[in-house]
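Below are the chains, spelled out letter by letter.
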Amino acid sequence: MYYAATVEWLFLLCFALVSFSISFLIIQHRVERFIYRRIKKIYDDVSLLESTSFSSAPITTDIKTLTEEIEKFAKGKKIEIDTLKIREEYRKDFLGNVSHELKTPLFTVQGYILTLLDGAMDDKKVREKYLERANKGVERLIYIVKDLDMITKLEAGGLTMEFEDFDIVELIQNVFDLLEMRAAKKQITLTFDMEYKEPILVRADKERMQQVVSNLLVNSIKYGHTNGTTEVSVENLIKNKVIVRVTDNGEGISKEHLSRLFERFYRVEKSRNREVGGSGLGLSIVKHIIEAHNEKIYVESVVDVGSEFSFTLEKIENKEE
């Protein structure tokens, strides 16, 4: 047209449309081949996306989808990292506590045995006294290992619960009788909130529930004030549930410790709590047993006022009633 000095507008329009179409198709193909497909492959390889939501629509739509998926992935990974950090802190605390709890009786036993080997064995009185103390250290080790074994089985679901119907009031009274001497040493009174004339039947593992009540009462005695009181009540919660409350007027627990109270070996005041003994696993065992029954446990406490531990149980209607 230049050499002929003519202009054919129709031809120019058709040429422009054809050129645009061909260029667009080539660019679309190149972008999809060298960018979109490679990005998709990278994220598929690292399992970034929960499901493949890319489509054969225009490339802009898929870039938007990719951006949304990456944002979702980033949020998920942040939560995952935060959770891992919390677990790592818990792991460090747990390993440190286990190490401390085990090495204390181990070193005690070793110390007594080495003393005997160094010559104290010849003295009969010293020998008997040191062997008795070494035996107590071994018993403490066995106690800790048994409690750890029980918690592991409870967490793994390997400890079978044998459910039966029984009177929870009678069970609590039996625990009162068992702990009467220990409570008397600290002049602590174990009592019900009222007189229960009729039995209150519940469905649970009787042996495990006795352990729960016993652990809670032992704790209330350990940390209770002299001439104090530990009161147990059994109340109707809803139609088929009762709630058992163990309330004392002891030292109490500050709020910052309540969330970690049921962790293994967690102690509110480590130096003072070492003196009262125990494996440091009592409350953790209580929590796992209650949860194995698909029930809930609660705690409320005020420093220098006292603490209340409560848990729910399935109630059975009394046939005699």
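Residues numbered from 1 in each chain as written. Predicted model: local features only at pLDDT ≥ 70, side-chain atom pairs only at ≥ 80, totals over all residues. Heavy atoms only, no water.

An unreviewed UniProt entry annotates the chain as histidine kinase originating from Cellulophaga geojensis KL-A. Of the chain, the UniProt comment under Catalytic activity (unreviewed entry) reads exactly: "ATP + protein L-histidine = ADP + protein N-phospho-L-histidine." (UniProt positions renumbered as here; feature names shortened; annotations may be inferred.)

1. Some words on the pattern of salt bridges
Evaluation of the coordinates by the stated rule reveals seven salt bridges. The closest approach of N and O atoms between D82 and K78, which form a salt bridge, is 3.4 Å. With D82 and K78 both in helix α2 (residues 59-117) and four residues apart, the pair spans about one turn of that helix. Using a relative accessible area of 53% as the deciding quantity, one classes K78 as exposed. With a closest N to O distance of 2.9 Å, K287 and E291 form a salt bridge. Remark: E291 and K287 occur in helix α9 (residues 282-292); sequence separation between them is four residues, near one turn of the helix. Residues joined by salt bridges that share partners form a network here, namely E235, R245 and E308. (Salt bridge = Lys/Arg side-chain N within 4 Å of Asp/Glu carboxyl O. Helix = DSSP H or I, 4+ residues; strand = E, 2+ residues; numbered from the N terminus. Buried < 20%, exposed > 50% of the residue type's maximum accessible area, 1.4 Å probe, protein only.)

2. Here we look at a nonpolar patch on the surface
On the surface, M1, V7, W9, F11, L12 and F15 cluster together to form a nonpolar patch covering roughly 680 Å² of accessible area. By the element assignment, M1 lies in the segment before α1 (9-45). Assessed through its relative accessible area of 38%, M1 is described here as partly exposed. (Patch = residues over 30% accessible without salt bridge, like charges linked within 9 Å, V, L, I, M, F, W, Y side chains within 5 Å. Areas by Shrake-Rupley, 256 points an atom, 1.4 Å probe, with all protein chains shown as cover.)

3. Observations regarding the UniProt feature "transmembrane region" (unreviewed entry) in the chain
Mapped onto this numbering, the UniProt entry annotates "transmembrane region" (unreviewed entry) at residues 6-27. Secondary structure over residues 6-27 splits into 86% helix and 0% strand, and the C-alpha atoms at its two ends are 33 Å apart.

4. Re the packing of helix α3 (residues 124-156) against α9
Running from N to C, α3 and α9 cross one another at 30 degrees; their axes reach a closest spacing of 10 Å. As judged from the angle between their axes, α3 and α9 are roughly parallel. Crossing geometry of α3 relative to α9 is assigned as left-handed. Of the residues in α9, those in contact with D147, M150, I151, L154 and E155 of α3 are S284, I285, H288, I289 and A292. (Axes fitted to C-alpha atoms, helices over the stretch in contact; angles between N-to-C directions. Parallel < 35°, antiparallel > 145°, perpendicular 65-115°, else oblique. Left-handed = near helix turned anticlockwise from the far one by under 90°. Contact = heavy atoms within 4.5 Å.)

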